[in-house]
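Geometric and topological summary
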Amino acid sequence: MPRPRRNAPEADADPPPDPIELLSVECRATLDRAVDLLGGFSPVAGTLGDLPQVTIPSTGIVDACATCRDHEDLDCRMLLCLACVDHQERFDLVYFLQSLALEKTLVIRTAVPYDNPVVSTVTGIWPAADWYEREAHDLFGVSFSGHPDLSPLLLYPEFEGYPGRKEYDFNDYREF
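Residues numbered from 1 in each chain as written. Predicted model: local features only at pLDDT ≥ 70, side-chain atom pairs only at ≥ 80, totals over all residues. Heavy atoms only, no water.

**Let's talk about the pairing of strand β1 (residues 44–48)**
Summarising the sheet, β1 and strand β2 (residues 51–55) pair through five bridges and their orientation is antiparallel. Note that in β2 the partner of Val 44 across the bridge is Thr 55. As consecutive antiparallel partners, β1 and β2 are separated by two residues, and within that stretch Gly 49 has a phi angle of approximately 65 degrees, a positive value. (Pairing = 2+ DSSP bridges. Helix = DSSP H or I, 4+ residues; strand = E, 2+ residues; numbered from the N terminus.)

Here is the structure:
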């Protein structure tokens, strides 16, 4: 007689809950409003942990970020962080936006192709994007068109390669 499998999912087990449904009421309202306001950018609603996240095409990143900053329902006047994520077939740029007045956080995500990682700068919207974009340029090779100065921030000018990429071979690293 075969032994029953342990840890096997039950055939009649409930599917995992939709992450959007797990958001707090306030976060869900922020997500719904952001999707509504960014409707012209083909937004896709989602979550990043317990934060509302909207994914848009990279071609609309400047206008979408300006909308998030300028509309009174979002009022995202602060860029908390800009992170670059290497998926090897693409890079995701993840913008963490904050409204101090409304005490809301919103995440905007956009993808850029691995073979031509170029996206418009948002330094005109948030000057704080300057060093974040320079970091992504140094470590991942993402170029930000319109950026005032993409000179190296973390690496020396003669450094070759992009050490933030998964494909970067750290065995070639030499201190001098």
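Once you've had a look at it, read on.
**Considering the sheet that holds β1**
Across the sheet, five strands lie side by side as β1-β2-β5-β4-β3; this open sheet has mixed pairing. Looking along the sheet, the strands with just one partner apiece sit at the ends: β1 and β3 (78–86). Between one strand and the next, the sheet's axes are offset by a mean angle of 25 degrees, whatever the strand orientation. Pairing geometry for strand β4 (residues 90–99) and strand β5 (residues 104–113), over 10 bridges, is antiparallel. Residue pairing in the sheet places Ser 99 in a bridge with Lys 104 of β5. Packing of helix α1 (residues 25–37) onto the sheet brings it into contact with β1, β2 and β5, and relative to β2 it is tilted by some 15 degrees. Contacts from helix α3 (residues 129–140) reach β3 and β4, with the element oriented near 10 degrees to β3. (Axes fitted to C-alpha atoms, helices over the stretch in contact; angles between N-to-C directions. Contact = heavy atoms within 4.5 Å.)

**A word on α1**
For α1, which comprises 13 residues, the first-to-last C-alpha distance of 18 Å matches the rise-based estimate of 18 Å (1.5 Å per residue) to within 8%. Along α1, the residues classified as buried are Cys 27, Thr 30, Leu 31, Ala 34 and Leu 37. When α1 is viewed along its axis, its buried side chains cluster within an angular range of 135 degrees and face the same direction. In α1, the exposed positions that point more than 90 degrees away from the buried face belong to Val 25 and Asp 36. Where α1 is buried, its residues contact β1, β2, α2 (61–70) and β5. (Expected span 1.5 Å × (residues − 1). Buried < 20%, exposed > 50% of the residue type's maximum accessible area, 1.4 Å probe, protein only. Arc of directions from axis to C-beta.)

**A few points about α3**
In this model α3 runs 16 Å from its N-terminal to its C-terminal C-alpha over 12 residues, within 8% of the 16 Å that 1.5 Å per residue would give. Turning to α3, the residues buried within the fold contact β3, β4 and β7 (143–145). Just downstream of α3 lies Gly 141, where phi reads positive at about 80 degrees.

**Some thoughts on a nonpolar patch on the surface**
A contiguous nonpolar patch, built from Met 78, Leu 80 and Leu 100 and spanning about 270 Å² of accessible area, is present on the exposed surface. Its location among the elements puts Leu 100 in the loop between β4 and β5. (Patch = residues over 30% accessible without salt bridge, like charges linked within 9 Å, V, L, I, M, F, W, Y side chains within 5 Å. Areas by Shrake-Rupley, 256 points an atom, 1.4 Å probe, with all protein chains shown as cover. Salt bridge = Lys/Arg side-chain N within 4 Å of Asp/Glu carboxyl O.)

**Regarding the environment of Thr 121**
Mapped onto the elements, Thr 121 comes out in the loop between β6 (118–120) and α3. A residue is classified by how much of its surface remains accessible, and Thr 121, at 11% relative accessible area, is buried. Along the backbone, Thr 121 and Ile 61 are 60 residues apart, and their C-alpha atoms lie at a distance of 8.6 Å. Ignoring any residue separated from it by four or fewer positions in sequence, one finds Thr 121 in contact with Val 62, Glu 133, Phe 144, Ser 145, Gly 146 and His 147.

**Observations concerning the packing of aromatic side chains**
On inspection of all chains with the given rule, the structure shows four aromatic pairs. An angle of 75 degrees between the planes, with centres 5.5 Å apart, marks the rings of Tyr 156 and Phe 159 as edge-to-face. Overall, Tyr 156 belongs to the partly exposed group, its relative accessible area being 36%. Their ring planes at 25 degrees and their centres at 6.2 Å tell us that Phe 159 and Tyr 168 sit as a pair that is stacked. Here Phe 159 and Tyr 168 have matching classes, each one buried. One aromatic cluster is present, formed by Phe 91, Tyr 114 and Phe 140 through successive ring pairs. For Arg 165, the ring lying beneath its charged end belongs to Tyr 114, and the centroid distance is 4.9 Å. (Phe/Tyr/Trp six-rings, centres within 6.5 Å; stacked < 30°, edge-to-face > 60°. Lys NZ or Arg CZ within 6 Å of the ring centre and 35° of its normal.)

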